[in-house]
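Take a look at the letters that make up each chain.
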Amino acid sequence: MINSKRQFSPYEYLPFGGGARRCIGMAFAQFEMQVVLAEILSRCELGLVDHGEVRPRRRGLVTGPSRPIQMVLKGQRSVKSPSLEAISF
Ligand code: HEM
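Each chain carries its own residue numbering, running from 1 in the written order of its sequence. Per-residue local features of the predicted model are confined to residues with pLDDT of at least 70, and side-chain atom pairs are confined, for both listing and counting, to 80 or more; whole-chain, interface and lining totals are unaffected and use all residues.

### Some words on the overall build of the protein chain
Regarding its fold elements, the protein chain presents two helices and four strands. Reading the protein chain from its N terminus to its C terminus gives the helix and strand order α-β-β-β-β-α. For the protein chain, the residues scored as buried account for 0% of the 89 residues in total. Helix and strand definitions here come from DSSP, where helices need a minimum of 4 consecutive H or I residues and strands a minimum of 2 consecutive E residues; each element is numbered from the N-terminal end. Exposed residues have 12 or fewer other C-beta atoms within 10 Å of their own C-beta, buried residues have 20 or more, and partly exposed residues fall in between, where C-beta atoms are placed from the backbone.

So, in structure tokens, the structure goes:
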């Protein structure tokens, strides 16, 4: 199980690679993820399909989850977070 409280060094977490061939879309991708996540999390009630163990697995240079982490849409949020409502995209 991944311990979410553990601090990772910059050399352990490399989703965009590193060095001279590092992903040129990194800044765009990270901003896009924030926008999409804010929209989804403010509108949708989500749940995990199962609570089975997910382990970190090496994929060449980078690390990913050992299996897909599937989620289900349980419904729409009736009360939106005021902090997220204040953000207009
Ligand atoms: C979550 C989104 C993304 C992830 C996880 C990701 C990840 C990566 C990784 C791991 C590499 C290889 C880096 C290396 O060899 O060290 C790469 C390269 C690259 N990525 Fe991304 N990427 C993402 C989004 C994007 C976007 C949105 C663009 C363009 C708009 C983009 C354009 C590129 C290009 C052109 C390269 C080749 C860079 C080179 O070889 O010099 N990526 N990306």
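### Focus: the site of the ligand
The criterion for a residue being near a molecule or strand is simple: its C-beta atom, placed using the backbone, must lie within 6 Å of it. Around the ligand sit 13 residues, and of these Gly 17, Arg 21, Cys 23, Gly 25 and Ala 29 come closest. Ten residue types, Ala, Val, Leu, Ile, Met, Phe, Trp, Tyr, Cys and Pro, are classed as nonpolar, four, Asp, Glu, Lys and Arg, as charged, and the remainder, Gly among them, as polar. Class assignment of the residues belonging to the shell around the ligand gives a composition of seven nonpolar, four polar and two charged.

### Observations concerning the pairing of strand 1 (residues 44-48)
Of all five residues that make up strand 1, zero are buried, and the element is exposed over most of its length. Between any two strands, at least two bridges found by DSSP are needed for them to pair. Of the strand pairs in this sheet, strand 1 and strand 4 (residues 71-76) are connected by five bridges, and their pairing is antiparallel. Across the sheet, Leu 48 pairs through a bridge with Met 71, a residue of strand 4.

### A short note on helix 1 (residues 26-43)
Here, expected helix span is obtained from the residue count minus one, scaled by 1.5 Å. For helix 1, with 18 residues, the first-to-last C-alpha span of 26 Å sits near the 26 Å given by 1.5 Å per residue. The element helix 1 is barely covered by neighbouring structure, given that only zero of its 18 residues are classed as buried.

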